[in-house]
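# An overview of the molecular structure
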Amino acid sequence: MHEPFAGAIRGAKPAQVWFRDVVALTKPRVTFMVVVTAAGGLLLSKRLPEHAPEHASDYATEHAVTSPLAVFATLLGIALVVAGANALNMYIERDIDRQMPRTSSRPLPAGRMAPRFAFWFGVACSVLAIAILATAANLLTALLALLANLLYVLAYTPMKQRSAFAIYVGAIPGAIPPLLGWTAATGSVNAIGIVLFGVLFLWQVPHFVAIAIFRKTEYERAGLVVLPNVAGELACRHTIVRWVFACVATSLFLVPLGVARHGYLIVASLLGAIFFTWSCYGLREGSGVRWARSLFGVSIAYLVLLFAALGMT
């Protein structure tokens, strides 16, 4: 176990395989989604309403992340803090990942990478991210990023093996990215930032409950405690409907707050109606794994299109 750090990737592997495995540690698709929502929060700061509290608009003008370099550094810092958390998550869950077909080919459970490489890579990304955010943005953004990282790694990850309540704990760090973009630009947490956080927090519950429904057996075999195995599938479907309704309703608050326009209201209402209707379809007798899998896809499309509408309308 005293192998040198340079030899952390076991075996003679081509450089591209090594690079692919390192990238896999960051969960690139998750990281990309996080950067998109963070960028949404950053861009929304340009629309601070004229009737905003004087101190808020003054602070935003004085401390806004406006230069291309500062924006790039802020988004890089957010990407790195998520990448670090994901790498540490894979380090902690390497034995669990080995038991699930979907994750057994990852670098650690497959034996292509030494665990300590993943650990130090995760730590390095996390530390570097906090330093970048404290420098390029502000201390508040750096502290919120640190909180998200610690909650995900030290609370949510181990809690998944003990309680179905972990989904709600995990939704907190998952919802912080757009708030990071907002605080990076304004230096404060106000009603707009809280609504951005709320949309992501409320969206994650139905999204992940849907995953838990169609991966119920797989999670149970791996020893993860998920809502379908505790409360039953019918209760999960009702949970999804309630949280989708709350998510859609919360997304509309950005209009009266003055940072979203009427075009967004129309698009968000239509997207919300589709998302909510599809979630209600799950209450129909006979709906099950196939519906849950489709809702998972609908939830991703909803979030991407919602933030696109927020930035474009």
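Everything below is about the structure shown above.
Residues numbered from 1 in each chain as written. Predicted model: local features only at pLDDT ≥ 70, side-chain atom pairs only at ≥ 80, totals over all residues. Heavy atoms only, no water.

## Some thoughts on the overall build of the protein chain
- Within the protein chain, the secondary structure is distributed over 14 helices and 0 strands.
- Split into buried and exposed, the 313 residues of the protein chain put 51% on the buried side.
- Put simply, 76% of the contacts in the protein chain that link residues at least 6 apart link residues at least 24 apart.
- For the protein chain, the exposed surface amounts to about 14,700 Å²; the carbon and sulfur share of it is 69%. (Helix = DSSP H or I, 4+ residues; strand = E, 2+ residues; numbered from the N terminus. Buried < 20%, exposed > 50% of the residue type's maximum accessible area, 1.4 Å probe, protein only. Contact = heavy atoms within 4.5 Å. Areas by Shrake-Rupley, 256 points an atom, 1.4 Å probe, with all protein chains shown as cover.)

## So, the nonpolar core
- Counting residues in hydrophobic clusters, the biggest one holds 52 residues, and the most contacted among them are V209, L254, Y264, Y302 and L310.
- Contributing elements (two or more residues each) for this core: α8 (166-186), α9 (191-214), α10 (216-222), α12 (233-251), α13 (262-281) and α14 (289-312).
- The element that contributes the greatest number of residues to this core is α9, accounting for 15 residues.
- Counting 36 residues, the second-largest nonpolar core is a separate cluster that includes F117, I130, A142 and L179. (Core = buried A, V, L, I, M, F, W, Y, C linked by side-chain atoms within 4.5 Å.)

## What to know about helix α6 (residues 115-136)
- Taking 1.5 Å per residue as the helical rise, α6 with its 22 residues ought to reach 32 Å, and the 31 Å between its terminal C-alpha atoms agrees with that figure.
- Within the sequence span of α6, burial applies to F117, A118, F121, G122, C125, S126, A129, I130, I132 and L133.
- Where α6 is buried, its residues touch α1 (15-25), α4 (68-92) and α7 (139-159). (Expected span 1.5 Å × (residues − 1).)

## Details of the environment of L144
- Residue placement: L144 occurs in helix α7.
- In this structure the C-alpha to C-alpha distance between L144 and P177, which are 33 residues apart in sequence, comes to 9.1 Å.
- Once residues lying within four places of it in the same chain are set aside, the contact partners of L144 are I176, L179, L180, T183 and V189.

## Description of unusual backbone geometry
- Even without being a glycine, K27 presents a positive backbone phi close to 50°.
- For K27, the location among the structural elements is in the loop between α1 and α2 (28-44).
- Taking relative accessible area as the criterion, K27 reaches 16% and is therefore assigned buried.

## Quick word on the packing of α4 against α7
- The interhelical angle for the contact between α4 and α7, taken along N-to-C directions, is 15°, at an axis separation of 10 Å. When the axis of α4 is compared with that of α7, the two are roughly parallel. The interaxial crossing formed by α4 with α7 has right-handed handedness. Residues V81, G84, A85, N86, L88, N89 and I92 of α4 pack against A145, N149, Y152, V153 and T157 of α7.
- Looking at the contact of α4 with α7 residue by residue, the classes come out as 7 nonpolar, 5 polar and no charged. (Axes fitted to C-alpha atoms, helices over the stretch in contact; angles between N-to-C directions. Parallel < 35°, antiparallel > 145°, perpendicular 65-115°, else oblique. Left-handed = near helix turned anticlockwise from the far one by under 90°. Nonpolar A, V, L, I, M, F, W, Y, C, P; charged D, E, K, R; others polar.)

## Considering the packing of aromatic side chains
- All chains considered together, the criterion is met by 13 aromatic pairs.
- Where Y152 meets Y156, the ring centres are 5.3 Å apart and the plane angle is 35°; that geometry is what we call tilted. You can see Y152 and its partner Y156 sitting in helix α7, 4 residues apart, about one turn around the helix.
- The class for Y152 is buried, based on a relative accessible area of 16%.
- Consider the rings of F214 and F296, whose centres lie 5.9 Å apart with planes at 70°: the pair is edge-to-face. (Phe/Tyr/Trp six-rings, centres within 6.5 Å; stacked < 30°, edge-to-face > 60°.)

## Re the pattern of salt bridges
- Under the defined criterion, the tally for this structure stands at 8 salt bridges.
- Residue E218 pairs with R102 through a salt bridge whose shortest N-O separation is 3.9 Å. Of this pair, E218 sits in helix α10 while R102 sits in the loop between α5 (94-97) and α6, placing them 116 residues apart in sequence.
- Classification of E218 as buried rests on a relative accessible area of 13%.
- Between E218 and R215 there is a salt bridge, with its nearest N and O atoms 3.2 Å apart.
- Several salt bridges share partner residues, and in doing so they unite R20, D21 and R112 into one network. (Salt bridge = Lys/Arg side-chain N within 4 Å of Asp/Glu carboxyl O.)

## Looking at the environment of M90
- Relative to the assigned elements, M90 resides in helix α4.
- Judged by relative accessible area, M90 falls into the buried class, the value being 4%.
- The contacts of M90, once residues within four sequence positions are left out, are A24, L25, K27, D97, R106 and L108.

## Details of the packing of α6 against α7
- Relative to each other, α6 and α7 sit at 160°, their axes nearing to 8 Å. Relative to α7, the element α6 is oriented roughly antiparallel. Within the contact between the two elements, α6 uses S126, I130, L133 and A134 and α7 uses T141, A142, A145, L146 and N149.
- Its residues placed into classes, the contact of α6 with α7 shows 6 nonpolar, 3 polar and no charged.

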